[in-house]
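What the coordinates show
Listed below, chain by chain, are the residues.
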Amino acid sequence: MMRQIAIIALLISFLGCSDKDDNDDQSGCSGLACTEQFVTITVSVKDPVGDPVALDSFAVTTIDSGKDITREVNDSEFEMMKASGTYPLFGDEHRKTYEKTTVEVNFKGFDESDQEIVSAYFKVGADCCHVYLAEGETDIVID
């Protein structure tokens, strides 16, 4: 009987082992309880009297590499953005890529003739759970 208990205990200890220790996470994020919410940093583009500015297109690129990180949106989402003057800058879809770092990004907005009408620089980053704004003013007023 003791032999069977020893064999069962040995099997359990082998089954509980893994090559990767959960506490040996390189990023230090292992075991952290994050909220289920999806965070997006947005910019608000308004005219001098406070009315929303409807951009015909926008782009977000990283300063160091010029990588385009503009969020893809469908037509109805874009129409809502234009109506409110609020556009996505950086969201949790980038969290893994920029985890525990910051990156400088450029937000550009264009009119119907693809003329740049707004350009603003920001520093954004990500922690173990969500993205955050490190530097920059997200309320943009254009003439």
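Predicted, not measured: the structure shown is a model, and the values here were computed from it.

**Quick word on the pattern of salt bridges**
Following the criterion strictly, the structure yields 6 salt bridges and no others. The residue K82 makes a salt bridge to D56 at a minimum N-O spacing of 3.9 Å. In this pair, K82 sits in helix α2 (residues 75–84) while D56 sits in the loop between β1 (40–46) and β2 (57–62), placing the two residues 26 residues apart along the sequence. Within the structure, one salt-bridge network assembled from shared partners comprises D56, E79 and K82.

**Description of the side chain of E99**
One can find E99 in the loop between β3 (86–91) and β4 (101–110). Engagement of the side chain of E99 in a polar contact is seen with the side chain of R95, the distance being 2.5 Å.

**Some thoughts on the sheet that holds β3**
Read across the open sheet, the 3 strands follow the order β3-β1-β7; overall the sheet is mixed. What marks the edges here is a single partner per strand, and that holds for β3 and β7 (139–141). Taking the axes of each pair of neighbouring strands and ignoring which way they run, one obtains an average angle of 25° across the sheet. Pairing of β1 with β7, which is carried by 3 bridges, proceeds in the parallel orientation. Bridged to S44 within β7 is D139. Across the sheet, α2 is in contact with β1 and β3; its angle to β3 comes to roughly 115°.

**Focus on the nonpolar core**
Core analysis: the biggest nonpolar cluster contains 26 residues, and Y87, L89, F90, F107 and F122 have the highest contact counts within it. Elements that contribute at least two residues to this core include exactly β1, β2, α2, β3, β4 and β5 (116–126). Looking at which element gives the most residues to this core, the answer is β5, with 5 residues.

**Notes on the sheet that holds strand β6 (residues 131–135)**
Spatial ordering of the open sheet is given by β2-β4-β5-β6, a layout of 4 strands whose pairing is antiparallel. Each edge of the open sheet carries a strand with a single partner, namely β2 and β6. The mean inter-strand angle of the sheet, taken between neighbouring strand axes irrespective of direction, is 35°. Bridging between β5 and β6 involves 4 bridges; their strand directions are antiparallel. In the strand pairing of β6, V124 is matched with L133.

**A look at α2**
Among all positions of α2, only F78, M81 and K82 are buried. The arc enclosing the buried residues of α2, seen along the axis, measures out at 100°, which places them on a common side. Residues of α2 that are exposed and angled more than 90 degrees away from the buried face: S76, M80 and A83. Of the surrounding secondary structure, the elements contacted by the buried residues of α2 are β2 and β3. Once α2 finishes, G85 follows within two positions and takes phi at roughly 70°, a positive value.

**Examining the packing of aromatic side chains**
All chains considered together, the criterion is met by 5 aromatic pairs. Judged by centre distance (6.1 Å) and plane angle (20°), the rings of F58 and F78 are stacked. With a gap of 20 residues between them, F58 in strand β2 and F78 in helix α2 connect regions that are remote in the sequence. An aromatic cluster is defined as three or more aromatic residues linked by ring pairs; in this entry it consists of F58, F78, Y87 and F107.

How each quantity is defined
- Residues numbered from 1 in each chain as written.
- Predicted model: local features only at pLDDT ≥ 70, side-chain atom pairs only at ≥ 80, totals over all residues.
- Heavy atoms only, no water.
- Salt bridge = Lys/Arg side-chain N within 4 Å of Asp/Glu carboxyl O.
- Helix = DSSP H or I, 4+ residues; strand = E, 2+ residues; numbered from the N terminus.
- Polar contact = N/O pair within 3.5 Å; in protein donor to acceptor, adjacent residues only side chain to side chain.
- Pairing = 2+ DSSP bridges.
- Axes fitted to C-alpha atoms, helices over the stretch in contact; angles between N-to-C directions.
- Contact = heavy atoms within 4.5 Å.
- Core = buried A, V, L, I, M, F, W, Y, C linked by side-chain atoms within 4.5 Å.
- Buried < 20%, exposed > 50% of the residue type's maximum accessible area, 1.4 Å probe, protein only.
- Arc of directions from axis to C-beta.
- Phe/Tyr/Trp six-rings, centres within 6.5 Å; stacked < 30°, edge-to-face > 60°.

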